[in-house]
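Tertiary structure, described
Listed here are the chains, written in short residue letters.
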Amino acid sequence: MSESEDFPEELSDTVKNFHGSLGDLQSKLDLMLSQPRTDLYDKLDPMGKAKMDLVSAYAINSLFWMLLKTMGENPGAADVKKELDRVKEAMMRCKEIQDRAKRGRVDQGAAKRLVSSGLWEPGKSKIRPVAGDGSEVGHGDEHELPRKKIKQFDV
């Protein structure tokens with residue numbers, strides 16, 4: 001009997017996929033390990049350093065998970081799942097920080113003016129801020145000089 005006859009056929013695709021994934025992992029690790037970690041680490045900004053640490057921690061824990069699974073042990077008993085979840089949570093916090101930095105800031109004064117001008121209807125007086133609600137510009141408004149109306153053909 002050959003070895004292929006002893007091996008269950010329903011597992012052959014799974015083992016081939018696993019073997020292919022290990023080959024891909026080996027090539028990526030060889031690339032990462034070809035340079036000293038400190039050289040890679042020094043070139044990165046703080047966010048890049050955090051990402052590198054998180055990916056390294058996740059990769060190590062994933063490899064340990066696979067080792068336990070191939071040995072027939074329960075990875076949940078070794079708290080590997082908890083550690084993987086903790087690293088995933090840290091990755092999500094890192095992504096939130098990145099997204100927050102990408103978000104634009106809202107000019108609240110401009111937003112208020114835009115809303116109030118959108119609510120204004122011709123023939124009605126303009127909506128002015130109510131005193132005491134924090135939206136007034138300042139107390140210097142009483143001393144403003146009246147604006148001169150310019151006709152279309154005044155030059």
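Thresholds applied
- Residues numbered from 1 in each chain as written.
- Predicted model: local features only at pLDDT ≥ 70, side-chain atom pairs only at ≥ 80, totals over all residues.
- Heavy atoms only, no water.
- Helix = DSSP H or I, 4+ residues; strand = E, 2+ residues; numbered from the N terminus.
- Contact = heavy atoms within 4.5 Å.
- Expected span 1.5 Å × (residues − 1).
- Buried < 20%, exposed > 50% of the residue type's maximum accessible area, 1.4 Å probe, protein only.
- Patch = residues over 30% accessible without salt bridge, like charges linked within 9 Å, V, L, I, M, F, W, Y side chains within 5 Å.
- Areas by Shrake-Rupley, 256 points an atom, 1.4 Å probe, with all protein chains shown as cover.
- Salt bridge = Lys/Arg side-chain N within 4 Å of Asp/Glu carboxyl O.

The next subject is the overall build of the chain. Counting secondary structure elements, the chain contains six helices and zero strands. Scanning the chain from its N terminus toward the C terminus, one meets helices and strands in the order α-α-α-α-α-α. Sequence separation of 24 or more characterises 38% of the internal contacts of the chain that already satisfy a separation of 6 or more.

Mapped onto the elements, Asn 61 comes out in helix H4 (residues 46–70). Ignoring any residue separated from it by four or fewer positions in sequence, one finds Asn 61 in contact with Val 80, Glu 83, Leu 84 and Val 87.

The next subject is helix H5 (residues 80–102). Over its 23 residues, H5 extends 33 Å from the first C-alpha to the last, a length consistent with the 33 Å expected when each residue adds 1.5 Å. Those residues of H5 lying buried are Val 80, Leu 84, Val 87, Ala 90 and Cys 94. The inward-facing, buried residues of H5 abut H4.

Quick look at a nonpolar patch on the surface now. On the surface, a cluster of nonpolar side chains totalling about 240 Å² of accessible area is made up of Phe 7, Leu 11 and Val 15. Mapped onto the secondary structure, Val 15 falls in helix H2 (residues 12–33). Look at Val 15 and you get partly exposed, because its relative accessible area is 40%.

Let us now look at the pattern of salt bridges. One pass over the structure, following the stated rule, counts six salt bridges. Notably, a salt bridge pairs Asp 85 with Lys 81, separated by 3.7 Å at the nearest N-O pair. On the criterion of helical spacing, the pair formed by Asp 85 and Lys 81 is a turn pair, its members being four residues apart in helix H5. Take Asp 85: its relative accessible area is 34%, and that puts it in the partly exposed class. The partner of Arg 86 in a salt bridge is Glu 83, and the shortest N-O contact between them spans 2.5 Å. Taken together, the positions of Arg 86 and Glu 83, both in helix H5 and three residues apart, correspond to about one turn of that helix. Classification of Arg 86 by relative accessible area gives exposed; the value is 51%.

Purely spatial values, then, with no claim about function.
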